[in-house]
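Examining the three-dimensional arrangement
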Amino acid sequence: MTTPSAIVSTPDIPVLEMNSVSHQKPNLENIFYIKNRSANEDLSAAISIRRKNTDRTRCDKIRSLFDTNSFQQHFQPNNTILLHGEAVEEFYMVVSGTVRCCTINAEGARQIFRFAKKGEFIGISDVDTWHFTAEAVDHVILKSIPHAQMKQALATDLELRDEMRAQVCSQLEDRERQLLAMVSAKASERLLHFLREFASSRPGRGYITLPMCRRDIADHLGLSVETVSRTFSKLKREGRIDLACSEKYKICTETSVDTVDTAARRTPCFA
């Protein structure tokens, strides 16, 4: 079965046009609105953060489809969910657990480009065959919809198509930010931002348990396992994180929402 392709278009934002209308009242519903070019912000991060927040409120149709037409599947740690090169047959939503999505080259080098977590979707960017492999990091529960049902729903529901395009666009942006971080951010910045992003997806403010191993984190951040281990120790010495054990950590640096937001704008998002 085949997952329908989604056409993603991002409107150009001419600088002169933005400056010429800067006196107008901001449209807060416009996800491409930028308040002030002279502010100490990264423009691409400001756009993507706004779009990402908007996307979270624009999945009602997709979630409703899963609630009424899907069935659940369980996967044990390290089980393969889908395999690169195989035919696309289903579309997935994560109910619980963490899924690593990765590509592997002919020499065996692996790049984990995404850890899909609860409430996120898998497979929406593929057409005929899977371009990646997905595996369960821990015990994973997925809801799945056959492609035929998704294709039928997309053919008749314009709002569903809009939500699907928004999700594809968000995933593409995440991939681009990850690539940027891998060539521009230091190891400590990459790791700390990854830990912040992962902690933000978990309830509570105590210690967070990482389901993935150091090798997984290294392959996600474009680092060696040794560098990841040294960077964990470095962040702990600097008082930026606390480690209860190798799998449990707590962020120590954020003291307010403003601090977190500033750090998110300063560091590319790639989790």
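Now for a look at the structure at hand. Computed from a predicted structure; not experimentally measured.

Each value, and the rule that gives it
- Residues numbered from 1 in each chain as written.
- Predicted model: local features only at pLDDT ≥ 70, side-chain atom pairs only at ≥ 80, totals over all residues.
- Heavy atoms only, no water.
- Salt bridge = Lys/Arg side-chain N within 4 Å of Asp/Glu carboxyl O.
- Helix = DSSP H or I, 4+ residues; strand = E, 2+ residues; numbered from the N terminus.
- Buried < 20%, exposed > 50% of the residue type's maximum accessible area, 1.4 Å probe, protein only.
- Pairing = 2+ DSSP bridges.
- Contact = heavy atoms within 4.5 Å.
- Axes fitted to C-alpha atoms, helices over the stretch in contact; angles between N-to-C directions.
- Core = buried A, V, L, I, M, F, W, Y, C linked by side-chain atoms within 4.5 Å.

If you walk through the whole model with that rule in mind, you get 13 salt bridges. Among the ionic pairs, Asp216 bridges to Arg100, the shortest N-O distance being 3.0 Å. Here Arg100 lies in strand β4 (residues 99–104) and Asp216 lies in helix α7 (residues 214–221), a separation of 116 residues in the sequence. Where Asp174 meets Arg177, a salt bridge forms, and the shortest distance between an N and an O atom there is 2.1 Å. In this pair, Asp174 and Arg177 both sit in helix α5 (residues 158–184), three residues apart, roughly one turn of the helix. Accessibility assignment for this pair places Asp174 and Arg177 in one class, buried.

This part takes up the sheet that holds strand β8 (residues 140–146). Spatially, the four strands line up as an open sheet ordered β1-β8-β3-β6, and their pairing is antiparallel. Looking at which strands have only one partner, the edges of the open sheet turn out to be β1 (71–75) and β6 (121–122). With six bridges joining them, strand β3 (residues 90–96) and β8 adopt antiparallel strand pairing. Its bridge partner being in β8, Glu90 is matched across the sheet by Pro146. Helix-sheet contacts for helix α3 (residues 60–69) involve β1, β3, β6 and β8, and the interaxial angle to β8 is about 90°.

This part covers the pairing of strand β7 (residues 133–136). A two-sided burial pattern is seen for β7, the buried positions comprising Thr133 and Glu135 on one face and Ala134 and Ala136 on the other. With two bridges connecting them, strand β2 (residues 80–82) and β7 associate as antiparallel partners. Looking at the pairing, Thr80 lines up with Glu135 of β7. As judged from the four bridges shared by β4 and β7, these two strands associate in the antiparallel manner. Its bridge partner lying in β7, Arg100 is registered against Glu135.

Attention now moves to the nonpolar core. Ranked by size, the top nonpolar core spans 24 residues in total, and within it Phe194, Leu195, Leu210, Ile217, Phe232 and Tyr249 carry the most contacts. Mapped by element, the contributors of at least two residues to this core are β5 (110–116), α6 (187–200), α7, α8 (225–237), β10 (241–245) and β11 (248–251). Leu195 has contacts with Leu210, Phe232, Leu235, Ile241, Tyr249 and Ile251, leaving out every residue within four places of it along the chain. Among the nonpolar cores identified, the runner-up in size contains 17 residues, and Leu82, Tyr92, Trp130 and Phe132 belong to it.

None of this, on its own, says anything about what the molecule does.
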